[in-house]
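Spelled out, the chains give:
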Amino acid sequence: MTRASWHLRANALAVAWMVAAVALALGHRSVPAAPWLLVHLLLLGSAGSAILVWSQHFADTLLRCPAPGGRPGHTVRLVAHTVGTLAVAVGVAASLTPPIVVGAVLVAGAAFAQVLVMVVQRRSALPSRFGHAVRYYVAAGLLLPVGVALGVAMAHGRVPESVHGRLYVGHVTLLLLGWVGLTVLGTLLVLWPTVLHVRIEPADERAGRHALPVVLVGLGILAAGPVTSWRPLVAVGAATVAGGILVVVHAMVRQARSAPPRTYAGWSLAASVAWFAVSALALAVIVVGAPGWAVVPERLAVLVAPFAVGFVAQVLVGSLSYLVPVVLGGGPSMARRTAAELDRGAVVRLVLVNGGLVVFVAPVPSAVRVAASFVVLGALTSFLVLLTRAVLVWRKPAAVEPATPVPARSGAAVVAVGCLVLAVALGVAVDPPAAGIGTVAAGDQAVATGRTTTVQLRAESMRFSPAVVSVPRGDRLVIEVTNADDDVHELTIETGATTGRLAPGERASVDVGVVGTSLDGWCPVAGHRLMGMTLRIDVDGEHAAAATDAHATDAHATGLHGSMPGMDGPTDGPTGSDRTTPSAADALDLMATPDAGVMAHDATPPAPAPGPTTHRRTLTVREVEREVAPGVRQRLWTFDGQAPGPVLRGAVGDRFEITLVNDGSIGHSIDFHAGALAPDDVMRTIQPGASLTYAFTATRSGIWMYHCSTMPMSLHIANGMFGAVIVDPPGLPVVDREYVLVQSELYLGAQGGIADAAKVDAGTPDLVVFNGYANQYRDRPLRAVAGERVRLWVLDAGPGRPSSFHVVGAQFDTAYREGDWLLHDGGSTGTGGSQVLSLAPAEGGFVELTFPAAGTYPFVSHVMQDAQSGAMGRFVVN
């Protein structure tokens, strides 16, 4: 295999990981643990493969000494890294620890093996002017196993959240600032002047020698922060690392003065280093400013895009844009042709990536961020197309038209900026109120005074404080809102002015405009308004108390006005007499049958575990639109895309380790009734993109409810966030057939919308259902055989209605409710029976019966209004 073909295949790994990351970015809603996978496909997969390939390439070149093991040994390390990365990804997606551990060992082993190769190689080489760059690779390779070990410890999930936060900081800093950062800095010492075609002066060489110890000292101080739990050390360490980066940057700037960057590769490398330095400093500020270690991972989420895209993706694409033509070879003419292909649209791509990233991290409405993310993704993905063209040029020069050089003053930058402006305009057009556009004036009948009244407002404990603000008539009102709660909030004024979504700890201002009349405000996040998150803006303070009382009463009784829908997540929909959007209840016909393509929810529970087991499972919060009755669709909040969520099953003594991943658009949480433990940490609300691990040991038997406990809890449960955990009683006999039926209520909102919060609050459901769909087992009956023993597990998930479970034409000889037997094998006489299993909301149990003969046996909730509202089904017995 030639040098060019080996490099082509080796770099194909990095490109393949890029393609996988792009595909995941486009389809992340359907993939478990998508945010984690997206970051690690790029960093561990693509960047990791490139680091193994190019660090060895530069070591061979700079030391002028072949590596022990040569190309075969290098290939083995690449294969180990690739297999290890795949194993880790599969383990995380499937919540399986063994693949994670095996994969981590392979990844760390490949890196450590390369360190040993370079150490031996360096000792065997003659003194080299640039040999000190290899020390960066050695140091980086030694940090990787430590960072990987911290990642495995986090994935294991048996640590308190404060410890998890410390592990997270160590993991991120050692891998991003250490492994990736040191490798990039060491490479730039020689790659940057090579791209610029300038001489490396002695001062530049000294800068490279001096920067390494500074960065290593900074990393040591930074790592001491999580070890000692003293967060100021993180700030000192990150600032020191940034100082080491600036030593290299100073040398880069000095070289660029004599030969400014003129290619995509040069400008992309420069931009990546800038993002690297800024992100390192931002990390320090965020960690020190966080109220505790437990919230640090969530706070650092804002740096994912700058680190992963601004730094890693740009340095990767920029480096490959220069290096691929070099290793492909084919002579100067061919190298120029392949380089020209990779330099197509350089200015446009640079402006779109970096400008789009600036827009993405700015405090802009969600729709604008989405538009900016697609711009950045498209600009980066274009590299894959150009790389394919470059390889085609190298293989078949005549098959590809040569790239035409673009004049320096082609207006490319103007075109790119225009595209960005168009993307921002599109985002604003999708959600104008979130951008403060299209709102009505607040003081059409008032004479403007020219004064501005500024009010400080806090969102805390599901309230705005103060709940009433006064403003002189004619003043311009600006409200500065701080979200001091642990959930996402937003302030929307009835004029349409809004802060947009605010994550915990975030601040924003809303310009209400000139105020001429009293106004109402509220939080439009689903259910929050009904929980009391309302604001009264009172002109001149008149009738404040009376207005507040009337406002609160109206809000509770009728839901007041419909809120402005936001792009960041569900909102309280129009309710009561103000409703203008048709309710899904208008399409309700309980006599209709579902279409042939509608599949009934599988009511069969998992089989009991053969022995003591640790159950590891990832539950991903997903927002999905589902049919809940024929012709009636609702947007549900679900665990793993289904309502009810997956049935979990174990035995007394089993351990459950459940990772909750929030892939929704608002905060969610989880509460397992099957586990007895303090709720403070594991039941906390996590924001979109975050995760937590809920671990407990099942000590008592029964069928237990799990549900989202984020307030308003009734709305989150009513909108689909519930499920069942079966903990088998000791010695529970095997039966011929088992089913699980979870009763719940549906409070229909708009067609395709979420549940109607006012109906939930009033306790007036439109439907009562088994397993999430009205009358589904009437039209898709459950099966049994006469003479078989059948066990029916039943859970009432509520949130508000009791259940009285009954099978028409059959009798129960066994009934088990809330952890104890009501009737066991016919009771003490052996002839006792039961007709219903009565359950309050959140209660559960099971009944057992034997169908006496073939036929059709309906089952219902014997609260007959509920049976007539969808809580019925049939057993067809052969």
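Predicted, not measured: the structure shown is a model, and the values here were computed from it.

1. Notes on the overall build of the protein chain
Stage number 1. Scanning the protein chain for helices and strands turns up 21 helices and 27 strands.
Stage number 2. Here the protein chain, with 878 residues, has 55% of them falling under the buried criterion.
Stage number 3. The long-range share in the protein chain, meaning contacts at least 24 apart out of those at least 6 apart in sequence, stands at 75%.
Stage number 4. Of the roughly 34900 Å² that the protein chain leaves accessible, carbon and sulfur atoms contribute 62%.

2. Things to note about the pairing of strand β8 (residues 534-539)
Stage number 1. Taken across its six residues, β8 has six buried, putting it largely inside the fold.
Stage number 2. Along β8, one buried face is formed by Thr534, Arg536 and Asp538 and the opposite face, lined by Leu535, Ile537 and Val539, is buried too.
Stage number 3. Note that strand β3 (residues 468-471) and β8 share four bridges and pair parallel. From the neighbouring strand, Val468 faces β8, where its bridge partner is Arg536.
Stage number 4. Sheet topology places strand β7 (residues 519-522) next to β8; four bridges connect them, and they run antiparallel. The partner of Gly521 across the bridge, within β8, is Leu535.

3. Notes on the pairing of strand β21 (residues 803-807)
Stage number 1. Of all five residues in β21, five are buried; the element is thus mostly enclosed.
Stage number 2. Side chains Ser803, Phe805 and Val807 project from β21 onto one buried face, and the interleaved Ser804 and His806 project onto a second face that is buried too.
Stage number 3. Relative to strand β24 (residues 837-839), β21 runs antiparallel, the two sharing three bridges. Of the residues in β24, the one forming a bridge with Phe805 is Leu837.
Stage number 4. The pairing of β21 with strand β26 (residues 855-861) spans three bridges and is antiparallel. Counted as the bridge partner of Val807 is Phe859 from β26.

4. Topic: the sheet that holds β8
Consider a sheet: its strands pair through backbone hydrogen bonds, and that pairing is either parallel or antiparallel.
Stage number 1. The four strands lie next to each other as β3-β8-β7-β5, forming an open sheet whose pairing is mixed. The open sheet terminates on both sides in strands that have one partner only, identified here as β3 and β5 (492-493).

5. Comments concerning the packing of aromatic side chains
The description of an aromatic ring pair uses the distance of the two centres, along with the angle that the planes make with each other.
Stage number 1. What the rule picks out here adds up to 20 aromatic pairs.
Stage number 2. Arranged with centres 4.9 Å apart and planes meeting at 10°, the rings of Tyr816 and Phe846 form a pair that is stacked. One end of the pair, Tyr816, is in strand β22 (residues 814-817); the other, Phe846, is in strand β25 (residues 844-850), with 30 residues separating them in the sequence.
Stage number 3. For Phe846, a relative accessible area of 0% gives the class buried.
Stage number 4. Following the ring pairs from residue to residue traces out a cluster consisting of Tyr739, Phe770, Tyr777, Phe805, Phe812, Phe851, Tyr857, Phe859 and Phe875.
Stage number 5. The residue whose ring lies beneath Arg349 is Tyr264, and the NZ or CZ to ring-centre distance is 3.9 Å.
Stage number 6. Here Arg791 stacks its cationic end above the ring of Phe846, 5.3 Å away from the centre of that ring.

6. As for the confidence of the model for the protein chain
Stage number 1. Put simply, the protein chain has an average pLDDT of 84, and 90% of its residues get 70 or more.
Stage number 2. Taken together, the stretch residues 438-444 has pLDDT below 50 and engages in 14 contacts with residues farther than four places along the chain or on a different chain.
Stage number 3. Across residues 541-569, where pLDDT falls below 50, the model places 54 contacts with residues more than four positions away in sequence or in other chains.

7. Quick word on the sheet that holds strand β16 (residues 722-728)
Stage number 1. Spatial strand order, β11-β16-β15-β13: four strands in an open sheet with mixed pairing. Single-partner strands in this sheet number two, and they are β11 (648-651) and β13 (671-672).

8. Here we look at empty space enclosed by the protein
Stage number 1. Applying the stated criterion across every chain yields a total of six cavities of 30 Å³ or more.
Stage number 2. Residue lining of the largest cavity: 19 residues in total, with Ala50, Ile51, Val184, Leu316 and Ser319 positioned closest to the centre.
Stage number 3. Of the residues assigned to the lining of the largest cavity, the class counts are 15 nonpolar, four polar and no charged.
Stage number 4. Considered as a void within the structure, the second largest cavity measures approximately 130 Å³ in volume.

9. What about a nonpolar patch on the surface?
Stage number 1. Together, Leu26, Val370 and Phe374 give the surface a local cluster of nonpolar side chains, amounting to about 310 Å² of exposed area.
Stage number 2. You can see Val370 is positioned in helix α14 (residues 366-395).
Stage number 3. Classification of Val370 by relative accessible area gives partly exposed; the value is 38%.

10. Considering the pattern of salt bridges
Stage number 1. Considering all chains together, one arrives at 29 salt bridges under this definition.
Stage number 2. Of the charged contacts, one joins Glu490 and Arg501 as a salt bridge, the two residues approaching to 2.1 Å between their closest N and O atoms. One end of the pair, Glu490, is in the loop between β4 (476-483) and β5; the other, Arg501, is in the loop between β5 and β6 (507-514), and eleven residues separate them in sequence.
Stage number 3. For Glu490, a relative accessible area of 6% translates into the label buried.
Stage number 4. Classification of Arg501 by relative accessible area gives buried; the value is 12%.
Stage number 5. With its nearest N and O atoms 2.9 Å apart, the salt bridge here joins Glu788 to Arg737. With a gap of 51 residues between them, Glu788 in the loop between β19 (782-784) and β20 (789-798) and Arg737 in strand β17 (residues 737-746) connect regions that are remote in the sequence.
Stage number 6. We classify Glu788 as buried; its relative accessible area is 17%.
Stage number 7. Classification of Arg737 by relative accessible area gives partly exposed; the value is 23%.

11. Observations regarding the packing of helix α9 (residues 264-289) against helix α11 (residues 304-328)
Stage number 1. Closest axis-to-axis distance for the α9/α11 pair is 8 Å, and the angle between their directions is 155°. When the axis of α9 is compared with that of α11, the two are roughly antiparallel. In the crossing of α9 with α11, the sense of the turn from one axis to the other is left-handed. Here α9 contributes Tyr264, Ala265, Ser268, Leu269, Ala271, Ser272, Trp275, Phe276, Ser279, Ala280 and Leu283 to the contact with α11, which in turn contributes Pro306, Phe307, Gly310, Phe311, Gln314, Val315, Val317, Gly318, Ser319, Ser321 and Tyr322.
Stage number 2. Here the contact of α9 with α11 is composed, by residue class, of 14 nonpolar, eight polar and no charged.

12. Regarding the environment of Glu745
Stage number 1. Among the secondary structure elements, Glu745 is positioned in strand β17.
Stage number 2. A relative accessible area of 1% means that Glu745 is categorised as buried.
Stage number 3. For the pair formed by Glu745 and Val760, sequence separation is 15 residues and the distance between their alpha carbons is 9.3 Å.
Stage number 4. The residues touching Glu745, leaving out its near neighbours within four places in the chain, are Ala718, Pro765, Leu767, Val768, Gly798, Pro799, Gly800 and Arg801.
Stage number 5. In this structure the side chain of Glu745 is engaged in a polar contact, spanning 2.9 Å, whose partner is the backbone nitrogen of Gly800.
Stage number 6. Looking at Glu745, its side chain comes within polar contact range of the main-chain nitrogen of Arg801, at 2.7 Å.

13. Quick look at the side chain of Asn354
Stage number 1. One can find Asn354 in helix α13 (residues 346-361).
Stage number 2. Asn354 sits in the buried class, given a relative accessible area of 15%.
Stage number 3. Discounting chain neighbours no more than four positions away, the residues touching Asn354 are Ala271, Trp275 and Gln314.

14. A short note on the packing of helix α2 (residues 34-63) against helix α4 (residues 97-124)
Stage number 1. Contact pair α2 / α4: the axes reach a minimum separation of 11 Å and the direction vectors enclose 10°. In terms of axis orientation, α2 runs roughly parallel to α4. Of the residues in α4, those touching α2 at Leu44, Ile51, Leu52, Ser55, Gln56, Ala59, Asp60 and Leu63 are Val107, Ala110, Gln114, Val117, Met118, Gln121 and Arg122.
Stage number 2. A breakdown of the residues in the contact of α2 with α4 according to their chemical character gives nine nonpolar, four polar and two charged.

15. Quick look at helix α3 (residues 70-94)
Stage number 1. In this model, α3 (25 residues) spans 37 Å end to end at C-alpha, consistent with the 36 Å of a helix rising 1.5 Å per residue.
Stage number 2. The first or second residue beyond α3 is Ser95, which carries a positive phi of 60°.

16. With respect to unusual backbone geometry
A negative phi angle is the norm for most residues apart from glycine, just as the trans form is the norm for most peptide bonds.
Stage number 1. In the segment running from Ser465 into Pro466, the intervening peptide bond is cis, with an omega of 0°.
Stage number 2. Within the secondary structure, Pro466 is located in the loop between β2 (463-465) and β3.
Stage number 3. Along the chain, Met711 connects to Pro712 via a cis peptide bond; the corresponding omega equals -5°.
Stage number 4. With respect to the helices and strands, the residue Pro712 is situated in the loop between β15 (702-707) and α18 (713-718).

Rules behind the numbers
Residues numbered from 1 in each chain as written. Predicted model: local features only at pLDDT ≥ 70, side-chain atom pairs only at ≥ 80, totals over all residues. Heavy atoms only, no water. Helix = DSSP H or I, 4+ residues; strand = E, 2+ residues; numbered from the N terminus. Buried < 20%, exposed > 50% of the residue type's maximum accessible area, 1.4 Å probe, protein only. Contact = heavy atoms within 4.5 Å. Areas by Shrake-Rupley, 256 points an atom, 1.4 Å probe, with all protein chains shown as cover. Pairing = 2+ DSSP bridges. Phe/Tyr/Trp six-rings, centres within 6.5 Å; stacked < 30°, edge-to-face > 60°. Lys NZ or Arg CZ within 6 Å of the ring centre and 35° of its normal. pLDDT = per-residue confidence, 0-100. 1 Å grid on protein atoms, 1.4 Å probe; cavity = no way out; pocket = protein on both sides within 12 Å on 5 of 7 lines; lining within 4 Å. Points joined across faces, edges and corners; volume = space filled by probe spheres on them. Nonpolar A, V, L, I, M, F, W, Y, C, P; charged D, E, K, R; others polar. Patch = residues over 30% accessible without salt bridge, like charges linked within 9 Å, V, L, I, M, F, W, Y side chains within 5 Å. Salt bridge = Lys/Arg side-chain N within 4 Å of Asp/Glu carboxyl O. Axes fitted to C-alpha atoms, helices over the stretch in contact; angles between N-to-C directions. Parallel < 35°, antiparallel > 145°, perpendicular 65-115°, else oblique. Left-handed = near helix turned anticlockwise from the far one by under 90°. Polar contact = N/O pair within 3.5 Å; in protein donor to acceptor, adjacent residues only side chain to side chain. Expected span 1.5 Å × (residues − 1).

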